[in-house]
Amino acid sequence: MAKEPRPIEELSIWDDAKAMLKKARAEGIQTVHDRLDRQTPHCKFCELGTTCRNCTMGPCRVSEKNPLGVCGADADVIVARNFGRFVAGGAAGHSDHGRDLIEVLEAIVEGETSDYKITEENKLRAIAGEVGIKTDGRPTMDVARDVMECFFADFGSRKKEVSFLSRVPKVRKDKWAGLKMIPRGVDREIAEMMHRTHMGCDNDAPNTMIHAARTALADGWGGSMIGTELSDVIFGVPTPKMSTANLGVIKADKVNLLVHGHNPVVSEMILAAARDPELLARAKELGATGINVAGLCCTGNELLMRQGIPMAGNHLMTELAIITGAVEAIVVDYQCIMPSLVQVSGCYHTKFIDTANKARFSGAIHFDFQPKTAMKQAREIVSIAVEAFAQRDAGRVDIPCEPVEIMTGFSNEAVTAALGGSLDPLVQAIAAGDIRGAVGIVGCNNPKIKQDSLNVKLAEELIKKDILVLVTGCVTTAAGKAGLLVPDAIEKAGPGLKKVCGALGIPPVLHYGSCVDNARILQLCAALANALNVDISDLPVGASSPEWYSEKAAAIGLYAVASGIYTHLGHPPNILGSETVTNLAVSGLEDLVGATFFIEGDMVKAADMFDERIKTKRKALGLSE
Ligand code: BF8
Ligand code: SF4
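Definitions and limits used
Residues numbered from 1 in each chain as written. Chains lettered and ligands numbered in written order. Predicted model: local features only at pLDDT ≥ 70, side-chain atom pairs only at ≥ 80, totals over all residues. Heavy atoms only, no water. Helix = DSSP H or I, 4+ residues; strand = E, 2+ residues; numbered from the N terminus. Rg over C-alpha atoms; globule rule 2.2 N^0.38 Å. Buried < 20%, exposed > 50% of the residue type's maximum accessible area, 1.4 Å probe, protein only. Contact = heavy atoms within 4.5 Å. 1 Å grid on protein atoms, 1.4 Å probe; cavity = no way out; pocket = protein on both sides within 12 Å on 5 of 7 lines; lining within 4 Å. Points joined across faces, edges and corners; volume = space filled by probe spheres on them. Donors = N, O, S within 2.8 Å, 3.2 Å for Na, K, Ca; no water. Tetrahedral: all angles 85-135°; square planar, octahedral: opposite > 155°, others 65-115°. UniProt positions renumbered as here; feature names shortened; annotations may be inferred. Near = heavy atom within 4 Å. Polar contact = N/O pair within 3.5 Å; in protein donor to acceptor, adjacent residues only side chain to side chain. Sits in = over half its atoms within 2 Å of the grid points. Nonpolar A, V, L, I, M, F, W, Y, C, P; charged D, E, K, R; others polar. Pairing = 2+ DSSP bridges. Axes fitted to C-alpha atoms, helices over the stretch in contact; angles between N-to-C directions. Salt bridge = Lys/Arg side-chain N within 4 Å of Asp/Glu carboxyl O. Patch = residues over 30% accessible without salt bridge, like charges linked within 9 Å, V, L, I, M, F, W, Y side chains within 5 Å. Areas by Shrake-Rupley, 256 points an atom, 1.4 Å probe, with all protein chains shown as cover.

Here we look at the overall build of the protein
Argument step 1. Along its length, the protein carries 24 helices and 16 strands.
Argument step 2. A compact globule built from 625 residues should have a C-alpha radius of gyration of about 25 Å, and the protein, at 24 Å, falls within 12% of that.
Argument step 3. In terms of overall dimensions, the protein has a C-alpha envelope of 70 × 65 × 50 Å along the principal axes.
Argument step 4. Every one of the 625 residues in the protein was classed for burial, and the buried ones make up 61%.
Argument step 5. Of the contacts made within the protein by residues no fewer than 6 positions apart, 75% connect residues no fewer than 24 positions apart.

In structure tokens:
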């Protein structure tokens, strides 16, 4: 029997979301919230992680009454295996994205494309130096070729460790070595996770969890870091700039094209094509005043950071953006793209265009996007959007608000430059207690949680306590809409942050990029630890994902913890069916890697937990409060 839908008021903190949810209900369009209502209550075994489908002697469900699967696996083994595969899924997503950037670099090096180029030669050379490639007096393309070979090799199994471990403090690496946690090759760790969790392999839950951490580290310090760094090399290192966010960035008088997914390879080209004079002229011929490229989710973040495009929304806004009735096309690459977007697009004149063979959507217009033909294909895609403008039904258009201002573009390079060329002033501000510590708030929306209620609340609570906040992924739009990504937001911060950020003219919440860009935060932590000659786990820092949903978020959380960063989750992963695994996650890991997860649904309490942790870490470093 169909259940009563939850009241719209309970679904989101945002007026633009609520207005579009109302419109969806009025127009009979189903959203993620309706489907969640129909899927609830969920299977208790699955929630606890105690179901196994790893072979056909099962599927099995274990409980107190019936504690062993057909093969004899108990709850500990089953939960650890499920979590290990979950993390491997996330690591695979981030890392395969990173590999796609190496392939674009390869196309550049081989002269197969002129649509992409090396934009940041200095960064390329700096990275080459870090991974042990000679740069002096060598032509850029030779260096680029070696970097490409080096990163391709990072995915394989011929190396002892992934190249960017050169950034990790020695004490941390020694710790990993002692635990057999050094990530050797990205594909290797992911494949080994699948192997270990086959029936009859790794039947020791803590051992499986250690390998899950190793797999996550291969993501953070391998695949994701390669993705971020090569995106910078090819598309530019982000620098601070102003932009706008929320559904108000969709313009009634323009052709609106939304880019969604994660990888900037397609969307950068779309943005360039949208500036093509012929396409602009055609848009005008059809009555539009221009072509507006706006972002969703992490592809949005990538283009926001580098090109300053406006941000239409995060995960739970993706269906709602289409419901404005003013979106001509939504162009997707991969990850976090709800298949329902095809159906929602079908309720309007909106063209849904997919671009990757590994992420095809039934009912979509498909482009097999390739570096060789990128600009030509991007023009065709933009042309489809422009022509769709003629089919728009003005009577169904409702853009519910005006956009808000945001500041973006905080790469480590930009922060270092703003500080006068080194991280020393940041270290001094931390030592003086003006900045007591820093927390990265990252990740998603989850329809089980009132949209962005926790993401925003935690950021507000932390800055009050003079804890600098870095945001990535879907938390970006949340913080932006809440007015936290502008310099004026220092009014909501404690006195120390107000002083430091005020002097620099920056917000107390810094936009650090997409989810892959959490690698920037890892790099920053490593640089701070190296500057202080301590381990990352000695720093007064933390990480949080209040509203997470994805496998990738689990991988991020685990590589943060394994790197020594105390990490908060707003709700637990599906591990509570095993005491062994749960205890390891929330306490046992402290002895092994110097950090744990903590689970807390109340953001005031979560901020207090970070506060306590930061106090302890500051004291141990001999810093005053
Ligand atoms: O990688 S924050 S909902 S869009 S998983 Fe997805 Fe979560 Fe958004 Fe980006 Ni990250
Ligand atoms: Fe059941 Fe074991 Fe097969 Fe899993 S691996 S389905 S627990 S028999």
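Section: the layout of surface pockets
Argument step 1. The computed volume of the largest pocket comes to approximately 1,400 Å³.
Argument step 2. In terms of lining residues, the largest pocket is bounded by 39 residues, among which Cys46, Phe86, Lys448, Tyr549 and Asn574 are the most central.
Argument step 3. Mapped by element, the contributors of at least two residues to the lining of the largest pocket are α2 (32-39), α3 (44-48), β1 (51-52), α4 (75-109) and α22 (551-562).
Argument step 4. Ranked by residues supplied to the lining of the largest pocket, first place goes to α4 with 7 residues.

Focus: the coordination of the nickel atom of ligand 1
Argument step 1. On the protein, Cys515 (SG) is the one donor atom to the nickel atom of ligand 1, at 2.2 Å.
Argument step 2. The coordination sphere of the nickel atom of ligand 1 comprises 4 donor atoms, whose angles at the metal cover 89 to 158°; the geometry is irregular.

Regarding the UniProt feature "binding site: [4Fe-4S] cluster 1" (unreviewed entry) in the protein
Argument step 1. Mapped onto this numbering, the UniProt entry annotates "binding site: [4Fe-4S] cluster 1" (unreviewed entry) at Cys43.
Argument step 2. Exposure remark for Cys43: the relative accessible area of 36% places this residue in the partly exposed category.

A few points about the site of ligand 1
Argument step 1. Looking at ligand 1, the residues that line it are His262, Cys297, Cys298, His315, Cys336, Gly443, Cys444, Cys474, Cys515, Tyr549, Ser550 and Lys552.
Argument step 2. With respect to ligand 1, the side chain of His262 contributes an N or O atom lying 2.6 Å from an oxygen atom.
Argument step 3. The contact in question runs from an oxygen atom of ligand 1 to an N or O atom on the side chain of Lys552, over 3.0 Å.
Argument step 4. Spatially, ligand 1 is embedded in the second largest cavity.
Argument step 5. Classifying every residue of the shell around ligand 1 by side-chain character gives 7 nonpolar, 4 polar and 1 charged.

Some words on the UniProt feature "binding site: [4Fe-4S] cluster 2" (unreviewed entry) in the protein
Argument step 1. Here, UniProt's "binding site: [4Fe-4S] cluster 2" (unreviewed entry) annotation points to Cys52, Cys55, Cys60 and Cys71. The greatest C-alpha distance among the residues just named is 10.7 Å, despite their covering 20 residues of sequence, which places them together in space. Considered against the largest pocket, the annotated residues that line it turn out to be Cys52.
Argument step 2. Locating Cys52 in the fold gives a position in strand β1.
Argument step 3. On the basis of relative accessible area, Cys52 is assigned to the buried category, the value being 9%.
Argument step 4. Non-local contacts of Cys52, meaning those with residues more than four positions away in its chain, are made with Pro59, Cys60, Ile78 and Arg81.
Argument step 5. Turning to its location among the elements, Cys71 is positioned in the loop between β2 (60-61) and α4.
Argument step 6. Residue Cys71 is classed as partly exposed on the basis of its relative accessible area of 39%.
Argument step 7. If sequence neighbours within four positions are ignored, Cys71 has contacts with Met57 and Met199.

A closer look at the sheet that holds strand β14 (residues 541-545)
Argument step 1. Read from one edge to the other, the open sheet built from 6 strands follows the order β13-β12-β11-β14-β15-β16, with strand pairing classed as parallel. Looking at the sheet topology across the chains shown, the edges are occupied by β13 (509-513) and β16 (597-599). Between one strand and the next, the sheet's axes are offset by a mean angle of 25°, whatever the strand orientation.
Argument step 2. As paired elements, strand β11 (residues 437-441) and β14 share 4 bridges and run parallel to each other. Each residue of the ladder has a partner; that of Ile441, found in β14, is Ser544.
Argument step 3. Here helix α21 (residues 518-532) sits on the sheet in contact with β11, β12 (467-472), β13 and β14, set at roughly 145° to β12.
Argument step 4. Each of β11, β12, β14, β15 (566-569) and β16 touches helix α24 (residues 603-620); the most contacted strand, β15, lies at about 175° to it.

What about the pattern of salt bridges?
Argument step 1. A complete count under the given rule lists 47 salt bridges for this structure.
Argument step 2. The partner of Asp154 in a salt bridge is Lys159, with the nearest N and O atoms 2.7 Å apart.
Argument step 3. In this structure, Asp174 engages Lys170 in a salt bridge whose closest nitrogen and oxygen atoms are separated by 2.8 Å. With Asp174 and Lys170 both in helix α7 (residues 170-179) and 4 residues apart, the pair spans about one turn of that helix.
Argument step 4. The network of salt bridges with shared partners includes Lys123, Glu130, Arg167, Glu229, Asp232, Glu302, Arg306, Glu413, Asp517 and Arg520.

Focus on a nonpolar patch on the surface
Argument step 1. A grouping of Met57, Val70 and Met199 is seen on the molecular surface, where their side chains present a nonpolar patch of about 280 Å² in accessible area.
Argument step 2. As for its position among the elements, Met57 is in the loop between β1 and β2.
Argument step 3. Note on Met57: relative accessible area 47%, which makes it partly exposed.

Observations concerning the side chain of Arg167
Argument step 1. Here Arg167 lies in the loop between α6 (140-154) and α7.
Argument step 2. Only 2.8 Å separates the side chain of Arg167 from the side chain of Glu130, close enough to count as a polar contact.
Argument step 3. Those residues in contact with Arg167, other than ones at most four positions away along the chain, are Glu130, Trp221, Met225, Glu229, Gln523, Ala526 and Asn530.

So, empty space enclosed by the protein
Argument step 1. Inspection of the entire model under this criterion finds 7 cavities of 30 Å³ or more.
Argument step 2. One number sums up the size of the largest cavity: a volume of about 240 Å³.
Argument step 3. Lining the largest cavity are 24 residues; nearest its centre among them are Gly440, Ile521, Gly542, Ala543 and Ile565.
Argument step 4. Those elements giving two or more residues to the lining of the largest cavity turn out to be β11, α21, β14, α22 and β15.
Argument step 5. The residue makeup of the lining of the largest cavity, split by class, is 17 nonpolar, 7 polar and no charged.
Argument step 6. Of the voids in this model, the second largest cavity is the one considered here, and its volume is about 90 Å³.
Argument step 7. Lining the second largest cavity are 14 residues, and of these His262, Cys336, Cys444, Cys515 and Lys552 lie nearest its centre.
Argument step 8. Taken together, the elements giving at least two residues each to the lining of the second largest cavity come down to α12 (297-307) and α22.
Argument step 9. Per-element tally for the lining of the second largest cavity: the top contributor is α22, with 3 residues.

With respect to unusual backbone geometry
Argument step 1. Backbone torsion omega between Thr40 and Pro41 reads -5°, so that peptide bond is classified as cis.
Argument step 2. If you trace the backbone, Pro41 turns up in the loop between α2 and α3.
Argument step 3. Put simply, Gly58 and Pro59 share a cis peptide bond, and its omega is 5°.
Argument step 4. Inspection of the secondary structure assignment puts Pro59 in the loop between β1 and β2.
Argument step 5. Within the chain, Cys336 stands out as a residue other than glycine whose phi angle is a positive 65°.
Argument step 6. Structurally, the position occupied by Cys336 is in the loop between β7 (329-332) and α14 (340-346).

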